[in-house]
Amino acid sequence: MKLSVADDRAGLVKVFFHLRAEDGWPPVGTESLWARPVSADVVELDNTPFFARGVSCGDHVRVVPEDDGTLTAVDVVEWSQRCTVRVVPFRAGPLRGDRQRVPDEFATVGVSGEGIEQYSIVALDIPPTANLAAVKRLLRDGVERGWWDYEESNVGEAWADAVQTRAEHRRAVDEESPRSSIDQRNGLQGLDRNSVGRGRAGGYGALMSDARVLLPRVAPAVAGVSSRAVGELLDRLERQELECHSLMVVRRGRVVAEGWWTPFSAGRPHLLYSLTKSFTAVAVGLAIADGVLSLDDRVVDVLPEHVPADVSQQGRRVTVHHLLSMTSGHGTDSLGEAWELEPGDLVKGFLRVPFTEAEGSTHVYDNATTGVLARMVERVTGRGLPELLDERLFGPMGVDHAEWDRVAGGAAFGFHGLHLTTEAVAAFGEVLRREGRWGERQLVPRDWVRLATREHVETRAAEVGGGEADSLRGYGYQFWLSQHGYRGEGNNGQMCVVVPEHGLVVAVTAAVNSTQPVLDAVWECLLPGLGHGDSARDDEALAERLRRLSLAPVRGAAARGRSVEAKLDAAAANSPLADGTRVNVDPVGGGWRLRFGSSFTVEAGHGEWRESSPLGRPIVATGAWQGDTFVADLYVVTTPHRVRLVVDAEARVAVASWNTVPLTTPDLIVHLRSPLMTRPDVA
């Protein structure tokens with residue numbers, strides 16, 4: 001194929017990008033860009049896109065000819081390293097929508113821009129030689145001052161790395177001009193910075209979205225990821241009936257695929273269970289870097305008031321290293337026995353449980369070790385574990401929604417209980433992949449990340465995971481080694497998988513009995529798809545599929561007007577509700593109101609989910625009549641858990657059961673109360 005040259009501009013051709021609208025944006029279905037032929041089916045873009053995502057001026061793009069002779073862009077074959085950012089000046093703000101004043105401002109930091117009058121949009125073309133930190137600071141300053149909003153359309157790892165403090169930015173601008181031209185014209189020194197929004201990356205709809213975005217987005221092909229490979233991963237999960245709640249794939253710092261199975265959603269934090277341990281390990285690393293803790297420090301020295309009078313000699317020898325690697329010498333997980341021995345003092349209970357193996361010799365998965373580490377970190381830093389991580393990790397990352405389950409007295413478990421959004425988990429994985437860096441800040445010491453994520457002890461078939469392939473790769477400091485890379489992992493399939501050699505991070509939340517099938521899908525479906533992209537149509541098809549992910553509502557009839565009252569039979573073990581609880585099912589608004597005695601009431605939808613927060617925390621429910629039986633699923637939607645309620649209308653008997661029993665308590669009411677404290681009986 002030979003590319004025909006357009007007559008309008010010497011040596012250039014027009015290339016058409018077909019766009020898919022999301023939430024009414026972009027306002028056009030096709031965008032044409034000038035390009036210079038490079039080879040038989042590749043062109044180099046010659047101007048900056050206003051609407052097409054994942055491309056920049058100078059990119060090499062593969063094209064195919066249509067029947068009418070026009071050229072359609074298929075995928076990016078080589079990125080120019082230029083970034084594209086769209087800016088929308090606020091019509092009601094100081095710029096009064098004047099798009100020309102946007103490029104005037106950015107010219108001071110080496111950036112050019114083109115405007116489109118009809119939509120008041122300016123597309124910034126940011127060369128790799130520009131001071132990216134200064135550009136980002138100017139963008140954010142403009143948002144805070146009410147000048148504009150912006151969207152990162154196509155950015156790379158260097159952009160994510162670029163961070164500049166406000167003082168550094170102001171000094172840089174002052175060297176060019178004592179005061180910004182917009183400041184001079186509008187007198188904005190006293191503007192209330194809390195009265196306007198913040199810029200963010202994301203899709204077209206993100207221009208006016210309030211969601212906090214931590215990582216930039218690109219089409220899979222731009223990052224060298226096969227969208228078909230991601231589709232094969234989804235196919236595998238569906239065939240094996242693995243209940244996933246969310247999936248996010250990040251390649252070299254950019255999100256290429258993300259999806260949430262309704263009723264789970266992007267902005268809602270999810271219980272991470274033992275993935276929490278990896279965050280506690282980071283807190284230990286921070287304390288060691290600060291010089292207030294060391295790997296050789298003994299529990300009995302750091303927490304002397306928690307030492308039982310009859311502590312064994314081995315108990316006296318247990319160190320931070322033993323706790324991190326779970327080699328303290330207990331023969332089984334000591335948590336339950338430790339709490340039975342000392343409900344008010346886990347550390348003392350841990351030291352009272354008999355040690356049956358020599359310390360440092362054998363790995364035994366032991367939740368209590370991480371609980372002890374949390375108390376040691378709090379002692380030497382003088383900060384609660386959540387507060388320390390907020391200040392040193394989450395805050396600098398932009399994570400403002402970390403939530404913790406707590407025990408009596410208010411302390412975080414340490415080994416469990418952290419709730420984060422999927423993107424926050426993925427961003428944590430990116431910090432690890434970059435060996436502790438976030439932007440230009442070294443949040444976690446590089447040496448600590450390397451130390452924590454390498455093997456310190458072999459793992460055995462009897463351990464968590466049942467001897468499956470990725471459970472036998474060894475254990476680091478609160479991280480599991482994997483066939484590829486390493487991971488933090490929590491009960492029921494909460495995972496942060498990091499594969500440094502492929503620049504890959506995969507974050508998953510789920511309700512599965514084993515993580516191995518999910519990991520197998522990543523290794524066998526996704527990894528072979530790295531290094532090459534598919535067509536733009538394939539990327540669009542994947543994006544559409546990810547948008548439509550959903551768990552199945554309860555099947556059956558609405559039977560409008562039908563009510564039932566029953567008593568709960570809690571004879572089966574681990575019932576979510578107390579025996580004899582009165583259950584009322586009454587129709588309301590095309591769904592049902594479910595009343596559980598005087599304890600709480602929720603609504604359930606028919607063919608949809610309805611959300612309630614009867615005791616402070618959300619529960620999402622769907623239901624249907626199946627003959628003379630009413631069936632409802634009640635999702636504790638911040639966790640992997642849901643309750644199946646079955647009401648026999650003829651017998652007037654109800655039964656409730658968990659899909660997987662929560663590890664802290666089966667009592668549903670405890671999981672719905674706010675603030676969250678699922679073990680108020682222990683400290």
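Cut-off values and rules
- Residues numbered from 1 in each chain as written.
- Predicted model: local features only at pLDDT ≥ 70, side-chain atom pairs only at ≥ 80, totals over all residues.
- Heavy atoms only, no water.
- Helix = DSSP H or I, 4+ residues; strand = E, 2+ residues; numbered from the N terminus.
- Contact = heavy atoms within 4.5 Å.
- Pairing = 2+ DSSP bridges.
- Axes fitted to C-alpha atoms, helices over the stretch in contact; angles between N-to-C directions.
- Buried < 20%, exposed > 50% of the residue type's maximum accessible area, 1.4 Å probe, protein only.
- pLDDT = per-residue confidence, 0-100.
- Left-handed = near helix turned anticlockwise from the far one by under 90°.
- Nonpolar A, V, L, I, M, F, W, Y, C, P; charged D, E, K, R; others polar.
- Phe/Tyr/Trp six-rings, centres within 6.5 Å; stacked < 30°, edge-to-face > 60°.
- Lys NZ or Arg CZ within 6 Å of the ring centre and 35° of its normal.
- Patch = residues over 30% accessible without salt bridge, like charges linked within 9 Å, V, L, I, M, F, W, Y side chains within 5 Å.
- Areas by Shrake-Rupley, 256 points an atom, 1.4 Å probe, with all protein chains shown as cover.
- Salt bridge = Lys/Arg side-chain N within 4 Å of Asp/Glu carboxyl O.
- Core = buried A, V, L, I, M, F, W, Y, C linked by side-chain atoms within 4.5 Å.

(A) Region of interest: unusual backbone geometry. In this chain, Thr262 is followed by Pro263 through a cis amide linkage whose omega measures 20°. Assignment of secondary structure puts Pro263 in the loop between strand 11 (254–260) and strand 12 (270–271). Here Ser674 and Pro675 are connected by a cis peptide whose omega angle stands at 0°. The topology assignment puts Pro675 in the segment after helix 19 (668–672). With a phi angle near 70°, Asn492 is a residue other than glycine that sits in the positive phi range. Structurally, Asn492 is set in the loop between strand 18 (486–490) and strand 19 (494–499).

(B) Layout of the environment of Val670. Examined against the element boundaries, Val670 turns out to sit in helix 19. Along the sequence, Val670 and Leu615 sit 55 residues apart, while their C-alpha atoms lie 9.1 Å from each other. Those residues in contact with Val670 that sit more than four places away from it in its chain are Thr665, Leu676, Met677 and Thr678.

(C) Local environment of the sheet that holds strand 4 (residues 60–65). The five strands lie next to each other as 1-2-3-4-5, forming a closed barrel whose pairing is mixed. Within this sheet the neighbouring strands show an average axis-to-axis angle of 55°, counted without direction. Judged from the three bridges that link them, strand 2 (residues 30–37) and strand 3 (residues 42–45) form a sheet pairing that is antiparallel. Bridged to Arg36 within strand 3 is Glu44.

(D) Expanded view of the pairing of strand 26 (residues 619–626). Among the eight residues that make up strand 26, seven are buried, leaving the element largely enclosed by the rest of the structure. As consecutive antiparallel partners, strand 25 (residues 610–612) and strand 26 are separated by six residues, and within that stretch Gly616 has a phi angle of approximately 115°, a positive value. Pairing of strand 26 with strand 27 (residues 629–635), which is carried by seven bridges, proceeds in the antiparallel orientation. What sits directly across from Gly623, in strand 27, is Ala632. From the end of strand 26 to the start of strand 27, which pair antiparallel, there are two residues, and Gly627 there has a positive phi angle of about 70°.

(E) Representation of the confidence of the model for the protein. Summing up the model confidence of the protein, the mean pLDDT is 88 and the portion of residues at 70 or higher is 88%. In this model, residues 164–211 is a region of pLDDT below 50 whose contacts with residues beyond four sequence positions or in other chains number 105 contacts.

(F) Inspection of the packing of helix 6 (residues 227–239) against helix 18 (residues 536–547) at higher detail. In contact at an axis separation of 9 Å, helix 6 and helix 18 are set at 35° when each is read in the N-to-C sense. Regarding helix 6 and helix 18, the two cross each other, and that crossing is left-handed. Residues Ser227, Arg228, Val230, Gly231, Leu234, Asp235 and Glu238 of helix 6 lie in contact with helix 18, whose contacting residues are Asp538, Asp539, Leu542, Arg545 and Leu546. Class assignment for the residues of the contact of helix 6 with helix 18 results in four nonpolar, two polar and six charged.

(G) Spotlight on the packing of aromatic side chains. Applying the stated criterion across every chain, the model contains 18 aromatic pairs. Centre to centre, the rings of Phe50 and Phe51 are 6.5 Å apart; their planes meet at 50°, and the pair counts as tilted. With respect to class, Phe50 is no different from Phe51; both count as buried. Put simply, the rings of Phe106, Trp147 and Trp148 touch in pairs and so form one group of aromatic residues. One Lys or Arg, Arg254, reaches over the ring of Trp79 and ends 4.9 Å from the middle of that ring. The positively charged end of Arg562 is found above the aromatic ring belonging to Trp625, 4.2 Å away from the centroid.

(H) Quick look at a nonpolar patch on the surface. Together, Val646, Val653 and Val655 give the surface a local cluster of nonpolar side chains, amounting to about 180 Å² of exposed area. With respect to the helices and strands, Val653 occurs in strand 29 (residues 653–658). Residue class for Val653 comes out partly exposed when judged on its relative accessible area of 33%.

(I) Spatial organisation of the nonpolar core. The biggest cluster of nonpolar side chains holds 77 residues, and the ones touching the most others in it are Phe279, Met376, Leu389, Leu393, Phe394 and Leu420. Non-local contacts of Leu389, meaning those with residues more than four positions away in its chain, are made with Phe279, Val282, Ala283, Phe394, Gly395 and Trp404. One finds Val222, Cys244, Val256 and Val620 within the second-largest nonpolar core, a separate group that totals 62 residues.

(J) Structural detail: the environment of Val508. Topologically, Val508 is positioned in strand 20 (residues 504–510). Using a relative accessible area of 4% as the deciding quantity, one classes Val508 as buried. In sequence terms Val508 and Ala426 are 82 residues apart; their C-alpha atoms lie 8.7 Å from each other. Leaving out residues up to four positions away in the same chain, Val508 has contacts with Cys244, Ser246, Leu247, Gly493, Gln494, Met495 and Val518.

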